[in-house]
Amino acid sequence: MDQFKDKVAVVTGGGSGIGRALVLALAREGARVVLADVDEAAMDGVAREARGLGVEALTVRTDVSDLGQVQALAERAWQAFGGVHVLCNNAGVALWGGLERATHRDWQWAIGVNLWGVIHGVETFVPRMIAAGEPGHVVNTASMAGLIASQGLGVYNTTKYAVVGLSETLAKDLKPYRIGVSVLCPMGVETRIRESERSRPAALRNERGPAGAEVELIGRYLAPDVVAGMVLDAVRRNELYVITHDEGLEPLRRRFERMQQSIANRKKA
Ligand SMILES: NC(=O)c1ccc[n+]([C@@H]2O[C@H](COP(=O)([O-])OP(=O)(O)OC[C@H]3O[C@@H](n4cnc5c(N)ncnc54)[C@H](O)[C@@H]3O)[C@@H](O)[C@H]2O)c1
């Protein structure tokens, strides 16, 4: 897709941070936007900002971990605008603490939002986008934590590695349909991600409180607007990876070298 004017874009987690920046960047390009978030007040504020940019904006309260709610979101988007061209599966939550201490509720919450949320978006929207026969794009927000493991971030790492894998395969699967796929892999971005516990459902809260101390993510903290700009450029160029931080190169190279070393060691043995 090389332009967004009059296209329809759905952004999950559109009420804050990277999602908000994606909504506004798409609105500046003239796209009609659909915001899906559990935080209705935040989402309404962002929708007002989008309308201020001269585009139509729809808000649909959606918990992306619930398939029925994502299906209802798609229904509303199609009813309101007759189609969806850009799907940003962006809603996500972070949690910290060693895997040896992770609770079942931690796993359920993180996998529910970060992985099932993306799966629900794909299974609900993609077949309808294909049926519409128009060019489109799916943007999945993973993280550099989907490519590099960090001690104390294991539950989050698990969900984000899965989102990277899903996106890499989806790009191959959707090639025949003129639907591109990008996977966003940032390091630090200035958002409310560190306050993710605010959206954890009561039923999935740990009795002993949050799982553990935060580990420092490597890299600079970028402004969400800068990241959203990189995403739109990647969509225009139909690029799979959106690696936002130059600092990512070194840990990625080390990971690859360790794999290369495994092959070399085996050959030596
Ligand atoms: N900020 C970073 O440093 C960073 C780095 C790498 C990846 N990410 C990823 O970026 C994405 C956006 O996060 P952010 O940094 O903007 O954080 P944020 O907390 O500012 O925004 C996340 C939004 O998702 C919403 N949300 C949470 N649970 C939801 C659910 N079940 N259903 C629907 N919406 C839900 C929240 O209400 C919030 O509006 C996430 O997938 C996150 O993992 C963030």
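Look a little higher up for the structure.
Each value, and the rule that gives it
Residues numbered from 1 in each chain as written. Predicted model: local features only at pLDDT ≥ 70, side-chain atom pairs only at ≥ 80, totals over all residues. Helix = DSSP H or I, 4+ residues; strand = E, 2+ residues; numbered from the N terminus. Rg over C-alpha atoms; globule rule 2.2 N^0.38 Å. Buried ≥ 20, exposed ≤ 12 C-beta atoms within 10 Å, placed from the backbone. Contact = placed C-beta atoms within 7 Å. Near = placed C-beta within 6 Å. Nonpolar A, V, L, I, M, F, W, Y, C, P; charged D, E, K, R; others polar. Pairing = 2+ DSSP bridges. Right-handed = clockwise from strand over helix to strand, strands pointing away. Axes fitted to C-alpha atoms, helices over the stretch in contact; angles between N-to-C directions.

Undergrad: Please set out the overall build of the protein chain residue by residue, giving values where relevant.
TA: Within the protein chain, the secondary structure is distributed over seven helices and seven strands. N-terminal to C-terminal, the α/β element order of the protein chain is β-α-β-α-β-α-β-α-β-α-β-α-β-α. For the protein chain, whose C-alpha radius of gyration is 18 Å, the value lies close to the compact-globule estimate of 18 Å for 269 residues. Dimensions of the protein chain along its principal axes, counting C-alpha atoms only, are 60 × 45 × 30 Å. In the protein chain, which comprises 269 residues, the share counted as buried stands at 45%. Here the analysis covers contacts within the protein chain between residues at least 6 apart in sequence; of these, 76% occur between residues at least 24 apart.

Undergrad: Go over the site of the ligand with me, naming the residues and quoting the values.
TA: The environment of the ligand is made up of 31 residues, and the closest members are Gly 13, Ser 16, Gly 17, Gly 92 and Thr 191. Ranked by residue count, the leading element in the shell around the ligand is helix 1 (residues 17–28), at three residues. Here the residues of the shell around the ligand are counted per class, giving 11 nonpolar, 16 polar and four charged.

Undergrad: Outline the environment of Ala 110, supporting the account with residue identities and numerical values.
TA: Tracing the sequence through the fold places Ala 110 in helix 4 (residues 104–132). Given 28 C-beta atoms within 10 Å, Ala 110 falls into the buried group. When the C-alpha atoms of Ala 110 and Gln 261 are compared, they prove to be 33 Å apart, with 151 residues separating the residues in sequence. Dropping the residues within four chain positions of it, Ala 110 is found in contact with Val 93, Leu 95, Val 155, Tyr 156 and Thr 159.

Undergrad: Break down the pairing of strand 1 (residues 8–12) for me, citing the residues and quoting the values.
TA: In regular strands, side chains alternate between the two faces of the sheet. For strand 1, a buried count of five out of five residues is recorded, marking the element as mostly surrounded by other parts of the structure. The side-chain alternation of strand 1 yields two buried faces, one formed by Val 8, Val 10 and Thr 12 and the other by Ala 9 and Val 11. As judged from the five bridges shared by strand 1 and strand 2 (residues 32–37), these two strands associate in the parallel manner. By the bridge assignment for strand 2, Thr 12 is matched with Ala 36. Handedness of the β-α-β unit built from strand 1, helix 1 and strand 2 comes out right-handed. With three bridges connecting them, strand 1 and strand 4 (residues 86–89) associate as parallel partners.

Undergrad: Would you mind going over the sheet that holds strand 6 (residues 179–185) in detail, with residue names and values included?
TA: Read across the open sheet, the seven strands follow the order 3-2-1-4-5-6-7; overall the sheet is parallel. Strands at the two margins of the open sheet, each flanked by one partner only, are strand 3 (57–61) and strand 7 (241–243). The sheet shows a mean angle of 15° between the axes of neighbouring strands, direction not considered. Here three bridges tie strand 6 to strand 7, and the two strands are oriented parallel to one another. In the strand pairing of strand 7, Leu 184 is matched with Val 242. Packed on one face of the sheet, helix 4 meets strand 1, strand 4, strand 5 (136–141) and strand 6 and runs near 170° to strand 4. Packed onto the sheet, helix 6 (residues 224–237) meets strand 4, strand 5, strand 6 and strand 7 and runs at close to 150° relative to strand 6.

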